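Structural features, examined
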Amino acid sequence: MSSVLSLSNTTVERSGKKILNDVTWSVSSDQRWVIVGPNGAGKTTLLELAADWETPNTGSVVVLGENTSSEDAEWIRPRVGIASSGMAKRIPVSESVLDAVTSAAYAAETYDEIDIRRARRVLGEWGLSGREEQLVGTLSEGEGKRLQLARAIMTDPELLLLDEPTAGLDLGAREELLAMLGAFAGVATSPAIVMVTHHLEEIPAGFTHALVL
């Protein structure tokens, strides 16, 4: 399988402190990785490198064949889906669920029928059928998490990054989301997945590799 993410001797330093130190790691297109480790270990920074939101001080990060230090981020980012609390804050609470998902892939005020059909299908896959016209701000915590995933997948990414996707959920909502993630990970046509979590019991079925920081 082809490589979708490769770090070579990568170090990230902020204010004289090394957040990541000399990390070498690769992810291929058929793999589903979970990253675990304590607070401050650099888990989220690793995702930011993969999303081309962060540039290493030393070493290299190659995403989908492009070196993030030299390639324009606008070429890489549309090919990487990301679901995180930071991305969730960018979704207007007054926007409809359908528009929130459709606009993830198409920066426009109006959409073609084929785009809307795809958005409805993705919403259905993540248990949000019947919520299309509901405002984002009225969703439950669990529904909001699934909306983040639907937005990330709407772009048909080659790499999917998940930053603590079950954080803040009660037990029932957490188990429901983990089951959905496990089913998605088990589909051969799904993209490579990298997921950050603090808890080993939150590793979905179908994940194939683990990185401990």
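See above for the structure.
In this report, the structure presented in the accompanying data block is examined.

Conventions and cut-offs
- Throughout this description, residue numbers start from 1 for each chain and increase along the sequence as written.
- It should be noted that, the model being predicted, local features are given only for residues of pLDDT at least 70 and side-chain atom pairs only at 80 or more, the latter also being counted only at that level, while totals for whole chains, interfaces and linings use all residues.
- Processing note: side-chain calculations cover all non-hydrogen atoms of the structure and skip hydrogens and water entirely.
- Two strands form a pair only when DSSP identifies at least two bridges running between them.
- The secondary structure listing takes helices from DSSP runs of H or I that are at least 4 residues long and strands from runs of E that are at least 2 residues long, numbered from the N terminus.
- Only Phe, Tyr and Trp rings take part, Trp by its six-membered ring, and two of them pair if their centres are within 6.5 Å. Stacked means planes under 30 degrees apart, edge-to-face means over 60, and tilted covers everything else.
- Burial classes: relative accessible area under 20% of the type maximum marks a residue as buried, over 50% as exposed, and values in between as partly exposed (1.4 Å probe, protein chains only).
- In protein, a polar contact requires one atom able to donate a hydrogen and another able to accept it; more generally it is a pair of N or O atoms within 3.5 Å, and residues adjacent in sequence count only if both atoms are side-chain atoms.
- A carboxyl oxygen of Asp or Glu within 4 Å of a side-chain nitrogen of Lys or Arg is what we treat as a salt bridge.
- Axis definition: a line fit to C-alpha positions, over the contact stretch in the case of helices; interaxial angles, taken between N-to-C directions, run 0 to 180 degrees.
- Contacts were defined at the residue level, with two residues in contact if any of their heavy atoms lie within 4.5 Å.

1. Observations regarding the sheet that holds strand E4 (residues 58–63)
If you trace the 4 strands from one edge of the open sheet to the other, you get E2-E1-E4-E5, paired in antiparallel fashion. Taken across any chain shown, the strands that pair with only one partner, and hence form the sheet edges, are strand E2 (17–28) and strand E5 (66–67). As paired elements, strand E1 (residues 3–14) and E2 share 8 bridges and run antiparallel to each other. Considered in E2, the bridge of Arg14 is made with Lys17.

2. Some details on the packing of aromatic side chains
In total, this model carries 2 aromatic pairs according to the counting rule given. A ring pair is formed by Trp25 and Trp33, whose centres lie 5.4 Å apart and whose planes are at 85°; its orientation type is edge-to-face. Measuring from centroid to centroid gives 5.6 Å for Trp126 and Phe184, while their planes differ by 55°, and the two rings are tilted. Of this pair, Trp126 sits in the loop between helix H5 (113–125) and helix H6 (141–154) while Phe184 sits in helix H7 (residues 171–185), placing them 58 residues apart in sequence.

3. Here's the deal with the environment of Ser103
Relative to the helices and strands, Ser103 is located in helix H4 (residues 97–105). Judged by relative accessible area, which is 24%, Ser103 ranks as partly exposed. Considered as a pair, Ser103 and Glu74 are 29 residues apart in the sequence and their alpha carbons are 16 Å apart. Within the local environment of Ser103, its side chain forms a polar contact with the backbone oxygen of Ala100, the two atoms lying 3.3 Å apart.

4. Overview of the pattern of salt bridges
Within this structure, the stated rule accounts for 10 salt bridges. Two residues, Arg79 and Glu158, come together in a salt bridge whose shortest N-O distance is 2.9 Å. With a gap of 79 residues between them, Arg79 in the loop between helix H2 (73–76) and strand E6 (80–83) and Glu158 in the loop between H6 and strand E7 (159–163) connect regions that are remote in the sequence. Of the residues examined, Glu158 reaches a relative accessible area of 36% and is grouped as partly exposed.

5. Remarks on the sheet that holds strand E8 (residues 192–196)
In a beta sheet, neighbouring strands pair by backbone hydrogen bonds and run either parallel or antiparallel. Taken in spatial order, the 5 strands of this open sheet run E6-E7-E8-E3-E9, and their pairing is parallel. The sheet is open, and its two edges are formed by E6 and strand E9 (209–212), each paired on a single side. Geometrically, the sheet is characterised by an average inter-axis angle of 15° between neighbouring strands, direction not taken into account. Pairing between strand E3 (residues 32–36) and E8: 4 bridges, direction parallel. Residue pairing for E8: Trp33 is matched across the bridge by Val194. Contacts between helix H1 (residues 43–50) and the sheet are confined to E3, E6, E7, E8 and E9, with E7 contributing the most and set at about 155° to the helix. Running over the sheet, H6 touches E6 and E7 and is turned about 175° from E6.

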